[in-house]
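Structural overview for review
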Amino acid sequence: MSDELQIDLFGFTPEIPEPLPINNRTSKDGSVHFIYEERLKKSIRCRKKKFEEIYELKLPGYMQSDEFFPVREMAAQWTHLAFKRKTAETKAKCSELLSRIWAATNQILSDLNLPGIRSVRLPPIRPIGKHHNLEKVFQAVNETYFHGELNARITWSGRAGGLSFHTIRKDPFTGEEVNLISISRGYDFENCPLYAVAGVVYHECLHIVIPPEVKNGRRIVHGKNFRTCERRYIYYEEWMKWHKEVLPKNVRKLLNDEK
Ligand SMILES: [Zn+2]
């Protein structure tokens, strides 16, 4: 997943992207070999093999997955730069690349909910919006559809895009795992009926009870069972209509206001 605007969460685009055979052992041009180390969390190390134009780059283990392809390519560029003569220009380029590498990494880590990848930080939890209080919506959905048994923190998303998501984070204070639901601010509009907010909250709650399946090495987030359960939401049709017709406009407004 990239940082671009994502309005669709519910399968209006094909669920499974074209399978791209991505090689995660070397960079695209073959000049940098990747080695993965589980103990690396937020660092990368490189060395040059003696007498050869081959570089070895150690990356954190989680960077093996396809989503990190662009990050690996940037890291490969960084490796080449790191062995160039240290001029002010190469130094500036190196640090610019590094900051892009870690910004992209943080983004991917927070967008994905891969097993074994747990972001340490929790974002600020801000459930009270201009028009809707997510905490109340969550309580109602939890009571109605999940016997009040779900544990989650819910917040309006800090980003302007249309993305709502569920992730598992570690509470930095207690060390416990926390379900975090983040809802697009495109739902915090006067034109957004309660059934639509409740719809997206219900969808994210379902992710807590229906974890992604892995089939043929692919992660399926919205599988058949998920879709069936999703339709149990009493205002499913109305919410979907709103989601398709109104949400994109609201999100566009948010993005324009940001400029
Ligand atoms: Zn989803």
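Before any of the text, the structure's been laid out above.
Throughout what follows, the structure given in this document is the object of discussion. (Residues numbered from 1 in each chain as written. Predicted model: local features only at pLDDT ≥ 70, side-chain atom pairs only at ≥ 80, totals over all residues. Heavy atoms only, no water.)

Comments concerning the overall build of the protein
- Secondary structure assignment for the protein yields 7 helices and 8 strands.
- Intrachain contacts of the protein at a sequence separation of at least 6 include 65% that bridge at least 24 residues. (Helix = DSSP H or I, 4+ residues; strand = E, 2+ residues; numbered from the N terminus. Contact = heavy atoms within 4.5 Å.)

Concerning the coordination of the zinc ion
- Here the zinc ion is held by H203 (NE2), H207 (NE2) and H222 (NE2), and the distances to it run 2.0 to 2.1 Å.
- The sequence pattern formed by the donor residues of the zinc ion is H-x3-H-x14-H. A residue pair is termed long-range when its members are at least 10 positions apart, and H203 in helix α4 (residues 194-209) and H222 in the loop between β8 (218-220) and α5 (224-230) qualify at 19 residues. (Donors = N, O, S within 2.8 Å, 3.2 Å for Na, K, Ca; no water.)

Thoughts on the packing of aromatic side chains
- One pass over the structure, following the stated rule, counts 11 aromatic pairs.
- Seen in terms of ring centroids, Y187 and W242 are 5.1 Å apart; in terms of plane orientation they differ by 35 degrees. Their pairing is tilted. Within this pair, whereas Y187 is found in the loop between β6 (177-183) and α4, its partner W242 is found in helix α6 (residues 236-245), the two being separated by 55 residues in sequence.
- You can call Y187 buried: its relative accessible area is 1%.
- Judged by relative accessible area, which is 5%, W242 ranks as buried.
- A ring pair is formed by Y236 and W239, whose centres lie 6.0 Å apart and whose planes are at 80 degrees; its orientation type is edge-to-face. Of this pair, Y236 and W239 both sit in helix α6, separated by 3 residues, roughly a single helical turn. Judged on exposure class, the residue Y236 and its partner W239 are both buried.
- Members of the aromatic cluster, each reached through a chain of ring pairs, are Y145, F146, Y195, Y202, Y233, Y235, Y236 and W239. (Phe/Tyr/Trp six-rings, centres within 6.5 Å; stacked < 30°, edge-to-face > 60°. Buried < 20%, exposed > 50% of the residue type's maximum accessible area, 1.4 Å probe, protein only.)

Overview of the pairing of β6
- Counting buried positions along β6 gives 6 out of 7 residues, so the element sits mostly inside the fold.
- Sheet analysis places strand β4 (residues 153-156) next to β6, joined by 4 bridges and oriented parallel. The residue bridging R153 from the neighbouring strand is L180, located in β6.
- Bridging between strand β5 (residues 165-170) and β6 involves 6 bridges; their strand directions are antiparallel. Residue pairing across strands places R169 opposite V178, the latter belonging to β6. (Pairing = 2+ DSSP bridges.)

Considerations on unusual backbone geometry
- Of note in the backbone geometry, H147 takes a positive phi value of approximately 50 degrees without being a glycine.
- The exposure class of H147 is exposed, given its relative accessible area of 66%.

Topic: the sheet that holds strand β2 (residues 45-48)
- As summarised here, the arrangement of the 3 strands in space is β1-β3-β2, forming an open sheet in which the pairing is mixed. The open sheet terminates on both sides in strands that have one partner only, identified here as β1 (32-37) and β2. Sheet twist, expressed as the average angle between the axes of neighbouring strands with direction ignored, equals 20 degrees.
- Where β2 meets strand β3 (residues 55-60), 4 bridges bridge the pair, whose relative direction is antiparallel. (Axes fitted to C-alpha atoms, helices over the stretch in contact; angles between N-to-C directions.)

Quick word on helix α1 (residues 69-82)
- Over its 14 residues, α1 extends 20 Å from the first C-alpha to the last, a length consistent with the 20 Å expected when each residue adds 1.5 Å.
- Within α1, burial applies to V71, R72, M74, A75, A76, W78, T79, L81 and A82. (Expected span 1.5 Å × (residues − 1).)

Re the nonpolar core
- By size, the foremost hydrophobic cluster in this structure holds 34 residues, and its most contacted members are I183, Y187 and V201.
- Here the element with the most residues in this core is α4; it accounts for 9 residues.
- The contacts of V201, once residues within four sequence positions are left out, are L134, V137, F138, V141, I154 and I183.
- Ranked by size, the runner-up nonpolar core spans 22 residues in total, among them Y55, C94, L97 and W102. (Core = buried A, V, L, I, M, F, W, Y, C linked by side-chain atoms within 4.5 Å.)

A closer look at the pattern of salt bridges
- According to the stated counting rule, one finds 8 salt bridges in the structure shown.
- Notably, a salt bridge pairs E56 with R47, separated by 2.8 Å at the nearest N-O pair.
- Judged by relative accessible area, R47 falls into the partly exposed class, the value being 48%.
- Ionic pairing is found between R100 and E96, a salt bridge with its closest N-O pair at 3.2 Å. Pair noted here: R100 and E96 are both in helix α2 (residues 88-111), with a separation of 4 residues, about one helical turn.
- Taken together, the shared-partner salt bridges connect E37, R39 and K58 into one network. (Salt bridge = Lys/Arg side-chain N within 4 Å of Asp/Glu carboxyl O.)

Any functional reading would require information that these geometric values do not contain.
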